[in-house]
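Working through the structure, step by step
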Amino acid sequence: MSLVALTSLAGLFAVVTGVNDGGALLATGLKIPSIPPLAGVIMMMVTVALVPLVTYRVARTFTTRLASMEGPYGQIALVVAVLAALAVVAVLNNRGLPTSLTLAIVGALAGAGLGWGLPVSAGTVLFVLAVALASPFVGGLLAILTIRLLMRLAHGRTLRQWHRAGFTLQCLAYAANDGQKMLAVFMLALGLSSPPLLVCLAVAALFGIGALYGLPRAGRTLSRGIIASRPLHGVTAELASGAAVIGCAAIGAPVSMTQTIAGALIGAGVAESSGRVRWHAATKIVLAWTLTLPVSGLLAAATALIVRGVIA
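Values in this document were obtained by computation on a predicted structure and should not be read as measured data.

We now examine the environment of Ala301. Mapped onto the elements, Ala301 comes out in helix 12 (residues 279-311). For the pair Ala301 and Gly117, spaced 184 residues apart in sequence, the C-alpha separation works out to 9.6 Å. Excluding residues within four positions of it along the chain, Ala301 makes contact with Gly111, Ala112 and Gly115.

Here's what the structure looks like:
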């Protein structure tokens with residue numbers, strides 16, 4: 001498999017990740033003017049570039065613990081996995097069901113590995129799935145506690161300061177966890193065991209391009225779709241989701257920041273009144289999450305079997 005083709009595919013994956021995730025990260029703070037969107041994108045890019053130089057534990061879960069993608073056949077399986085994940089996310093998004101690219105790539109890597117007959121760790125897949133399912137609930141519970149604290153401490157200018165702290169925490173959490181799926185795809189494509197600075201910078205730049213492109217659409221999905229939100233809800237979601245996702249990064253479990261933010265927004269809304277939550281929209285999003293991993297896995301497995309049969 002051509003190195004140029006693999007690198008180009010990894011670059012495309014990073015841009016699509018920016019489109020899918022970047023707006024969601026900014027969405028919670030759109031009603032608070034303390035961090036302009038462009039400054040927010042730059043903050044995300046800086047953390048995505050620098051945090052993996054300190055820790056890339058989650059990236060290693062993708063590259064070494066889920067499935068073995070070594071050798072030429074492993075490279076073909078990687079291509080199948082990335083294309084399958086992108087296809088599933090694109091179809092669901094077009095149907096108005098925004099979903100997690102993290103769940104998609106986890107399922108697709110496992111499915112492509114199984115379809116090609118490569119070693120796949122069932123234990124790791126189940127571990128990642130269990131943590132992914134738990135993260136929105138953890139984010140929601142933390143949000144209930146956080147919003148009660150902020151109601152006592154945060155007013156006016158103080159809320160803007162909490163927003164800056166919460167968004168910074170969220171960026172660090174994303175770079176240490178969810179964002180490392182981009183890095184993992186580059187590491188697999190280039191056969192790297194650790195991420196050099198140049199690759200981290202390239203990932204950050206491509207992510208930033210995607211985030212700027214996808215901000216208008218993706219930002220509206222979370223900031224308006226799940227709850228009738230106020231600035232306090234957004235700050236609560238930033239703090240709660242950031243804490244939850246950093247905790248998952250500490251155990252090497254990749255989780256979706258979008259999922260965790262959504263859970264935190266619901267928790268913040270429920271803490272005030274369940275009537276603030278748009279349950280119909282929340283149910284649609286949960287349905288998309290439920291479908292994403294198994295559908296990505298099945299699509300990647302079927303495609304890998306077909307390609308393997310043609311090549312063999």
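Having seen the model, we can carry on.
Locating Thr146 in the fold gives a position in helix 6 (residues 122-153). A distance of 2.7 Å separates a polar side-chain atom of Thr146 from the backbone oxygen of Leu142. Setting aside residues up to four positions removed in sequence, Thr146 forms contacts with Thr236, Leu239 and Ala240.

Turning our attention to the packing of helix 3 (residues 57-65) against helix 8 (residues 180-190). Interaxial distance between helix 3 and helix 8 falls to 8 Å at its minimum, and their mutual angle equals 45 degrees. Taken together, helix 3 and helix 8 sit at an angle that is classed as oblique. As for how helix 3 packs across helix 8, the hand of that crossing is right-handed. Taking contact as the criterion, the partners of Arg57, Val58, Ala59, Phe62 and Thr63 in helix 3 are, on helix 8, Gln180, Lys181, Leu183, Ala184, Met187 and Leu188.

With that out of the way, let us pick up the UniProt feature "transmembrane region" (unreviewed entry) in the chain. Mapped onto the present numbering, the UniProt feature "transmembrane region" (unreviewed entry) falls on residues 34-55, 76-93, 99-118, 125-151, 196-215 and 286-311. Helix makes up 80% of residues 99-118 and strand makes up 0%, while its end C-alpha atoms are separated by 27 Å. For residues 196-215, helix accounts for 95% and strand for 0%, while the C-alpha atoms at its two ends are 28 Å apart.

What follows deals with the packing of helix 1 (residues 3-27) against helix 11 (residues 257-272). At their nearest, the axes of helix 1 and helix 11 sit 9 Å apart, and the two run at 30 degrees to each other. Judged by the angle between their axes, helix 1 and helix 11 are roughly parallel. In this structure, the crossing between helix 1 and helix 11 has a hand that is left-handed. Contacts between helix 1 and helix 11 involve Asn20, Asp21, Ala24 and Leu25 on the former and, on the latter, Met257, Thr258 and Ile261.

The biggest cluster of nonpolar side chains holds 95 residues, and the ones touching the most others in it are Phe13, Met44, Val48, Phe62, Val82, Leu109 and Met182. Sorting elements by how many residues they give to this core places helix 4 (residues 71-94) first, with 11 residues. For Val82, the residues in contact, after removing those within four places along its chain, are Leu9, Phe13, Ile105 and Val185.

The subject of this paragraph is helix 12. Spanning 33 residues, helix 12 covers 48 Å between terminal C-alpha atoms, matching the ideal 48 Å at 1.5 Å per step. Of all bends in helix 12, the biggest is about 30 degrees, found at Thr292, and the proline Pro294 comes one to four residues later. Buried within helix 12 are the following residues: Ala282, Ile285, Ala288, Trp289, Thr292, Leu293, Ser296, Gly297, Ala300, Ala301 and Ala304.

Enumeration according to the criterion identifies 0 disulfides in this entry. Free cysteine Cys171: the closest other cysteine sulfur is in Cys200, separated by 16 Å. Cys171 provides the cysteine sulfur closest to Cys248, a residue in no disulfide bond, and the two sulfurs are 17 Å apart.

Any two side chains of opposite charge can pair, on the condition that their charged atoms come close. The full count for this structure, using the stated rule, is 2 salt bridges. Residues Lys181 and Asp21 are paired through a salt bridge, measuring 2.8 Å at the closest nitrogen-oxygen approach. Within this pair, whereas Lys181 is found in helix 8, its partner Asp21 is found in helix 1, the two being separated by 160 residues in sequence. For the pair Lys181 and Asp21, a shared accessibility class is recorded, and that class is buried. Of the charged contacts, one joins Asp178 and Lys181 as a salt bridge, the two residues approaching to 2.8 Å between their closest N and O atoms.

This paragraph deals with the packing of aromatic side chains. A full pass over the atoms with the stated rule returns 2 aromatic pairs. Aromatic pair Tyr174 and Phe207: ring centres 5.5 Å apart, planes at 35 degrees, arrangement tilted. Here Phe207 lies in helix 9 (residues 197-225) and Tyr174 lies in helix 7 (residues 157-176), a separation of 33 residues in the sequence. Owing to a relative accessible area of 0%, Phe207 belongs among the buried residues under this scheme.

Rules and cut-offs
- Residues numbered from 1 in each chain as written.
- Predicted model: local features only at pLDDT ≥ 70, side-chain atom pairs only at ≥ 80, totals over all residues.
- Heavy atoms only, no water.
- Helix = DSSP H or I, 4+ residues; strand = E, 2+ residues; numbered from the N terminus.
- Contact = heavy atoms within 4.5 Å.
- Polar contact = N/O pair within 3.5 Å; in protein donor to acceptor, adjacent residues only side chain to side chain.
- Axes fitted to C-alpha atoms, helices over the stretch in contact; angles between N-to-C directions.
- Parallel < 35°, antiparallel > 145°, perpendicular 65-115°, else oblique.
- Left-handed = near helix turned anticlockwise from the far one by under 90°.
- UniProt positions renumbered as here; feature names shortened; annotations may be inferred.
- Core = buried A, V, L, I, M, F, W, Y, C linked by side-chain atoms within 4.5 Å.
- Buried < 20%, exposed > 50% of the residue type's maximum accessible area, 1.4 Å probe, protein only.
- Expected span 1.5 Å × (residues − 1).
- Bend = angle between axes of the 7 residues up to and from the residue.
- Disulfide = S-S within 2.5 Å.
- Salt bridge = Lys/Arg side-chain N within 4 Å of Asp/Glu carboxyl O.
- Phe/Tyr/Trp six-rings, centres within 6.5 Å; stacked < 30°, edge-to-face > 60°.

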